[in-house]
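Understanding the architecture of this molecule
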Amino acid sequence: MSELRDLYQAMILDHYKKPRNYGRPAGADRSAEGANPLCGDRVQVFARLEGDQLAAVGFEGSGCAISTAAASLMTQAVKGKSRAEVETLFDRYHEMVTGKAKPDASLGKLEVLAGVREFPARVKCATLVWHALLAALAGRDEIVSTEVSE
Ligand code: ZN
């Protein structure tokens, strides 16, 4: 298992150093911002919906390795999905990072963040960008604080 853990850490660092989908995608028609004062993470998520499908998604911001990697991995995981699919994926992801459920195949690369369950204080780092995305998809252009919920 320690080799797997090393691989996951290497992938997290890679997404932290070279975040995917960084920036505002062309035609983005909604955004929301998230802040995690406990860690100092700030993230802004941009999205474009076509019908019910997430046609484009990107993010900007600054934060710790986990929050940045979580944002980068999320943008790859949710592109092309419907709002309902994004919500289902977030439920599974949330169960994984809080240790309530083991990762399953539907999580794909998001599994590299499974180790967060051993660090409860970092759950907010890993979920911040998801809360911002859900707020953006709901059409609420606002600052999301993870102080309220994980
Ligand atoms: Zn953080």
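That block above? That's the structure.
Model, not experiment: these values are computed from the prediction.

1. Examining the nonpolar core
Among the nonpolar cores identified, the biggest contains 39 residues, and Leu54, Val78, Tyr93, Leu110, Leu113, Trp130 and Leu133 are the most heavily contacted of them. Those elements that provide at least two residues to this core are α1 (2-17), β2 (41-50), β3 (53-62), α2 (65-78), α3 (83-97) and α4 (123-137). The element contributing the most residues to this core is α4, with nine residues. Residue contacts for tyrosine 93: discarding those within four places in its chain leaves Ala70, Leu107, Leu110, Leu113, Ala126, Thr127 and Trp130.

2. Thoughts on the side chain of threonine 75
By secondary structure assignment, the location of threonine 75 is in helix α2. Classification of threonine 75 by relative accessible area gives buried; the value is 1%. Polar side-chain contacts of threonine 75 include one of 2.9 Å to the side chain of asparagine 21. Other than its neighbours up to four places away in sequence, threonine 75 contacts Arg20, Asn21, Val57, Gly58 and Phe59.

3. Quick look at the coordination of the zinc ion
Protein-derived coordination of the zinc ion comes from Cys39 (SG), Asp41 (OD), Asp41 (OD), Cys64 (SG) and Cys125 (SG), at a distance range of 2.2 to 2.7 Å. Donor residues for the zinc ion sit on one chain with the sequence pattern C-x1-D-x22-C-x60-C. Remark: cysteine 64 occurs in the loop between β3 and α2 and aspartate 41 occurs in strand β2; sequence separation between them is 23 residues. Just as aspartate 41 is buried, cysteine 64 falls in that class too.

4. Description of the pairing of β3
Two strands pair when backbone bridges link them, and β2 and β3 are joined in this way by nine bridges, in the antiparallel orientation. Across the sheet, the residue bridging to leucine 49 is leucine 54, located in β3. Count of turn residues in the β2/β3 antiparallel hairpin: two residues, of which glycine 51 carries a positive phi of about 65°.

5. Section: unusual backbone geometry
The phi angle at asparagine 21 is positive, at roughly 55°, despite the residue not being glycine. Tracing the backbone through its elements, the reader meets asparagine 21 in the loop between α1 and β1 (30-36). Looking at asparagine 21, the relative accessible area reads 34%, which means it is partly exposed.

About the thresholds
- Per chain, the residues get numbers from 1 upward, laid out in the order the sequence is written.
- Selection of residues for local features in this predicted model requires a pLDDT of at least 70, selection of side-chain atom pairs for listing and counting requires 80 or more, and totals for whole chains, interfaces and linings are taken over all residues.
- The basis for every side-chain value is the complete set of heavy atoms in the structure, and neither hydrogens nor water enter the calculation.
- The nonpolar core is taken to be a set of buried Ala, Val, Leu, Ile, Met, Phe, Trp, Tyr and Cys residues, with the residues joined through side-chain atoms within 4.5 Å.
- Partly exposed residues are those whose accessible area sits between 20% and 50% of the maximum for their type, while under 20% is buried and over 50% is exposed, using a 1.4 Å probe and protein chains only.
- In this description a helix means any DSSP run of H or I spanning at least four residues, a strand means any run of E spanning at least two, and both kinds are numbered starting from the N terminus.
- Only heavy atoms enter the contact rule, under which two residues are in contact if any of them lie within 4.5 Å.
- Whenever a nitrogen or oxygen atom comes within 3.5 Å of another N or O atom, the pair is scored as a polar contact, on the condition that within protein one atom can donate a hydrogen and the other can accept it, and that pairs from neighbouring residues in sequence are kept only if both atoms are in side chains.
- Only N, O and S atoms count as donors, using a 2.8 Å limit from the metal and a wider 3.2 Å limit for Na, K and Ca, and since water is excluded some coordination spheres may look unfilled.
- For two strands to pair, DSSP has to find at least two bridges joining them.

Worth remembering: the numbers are spatial, not functional.
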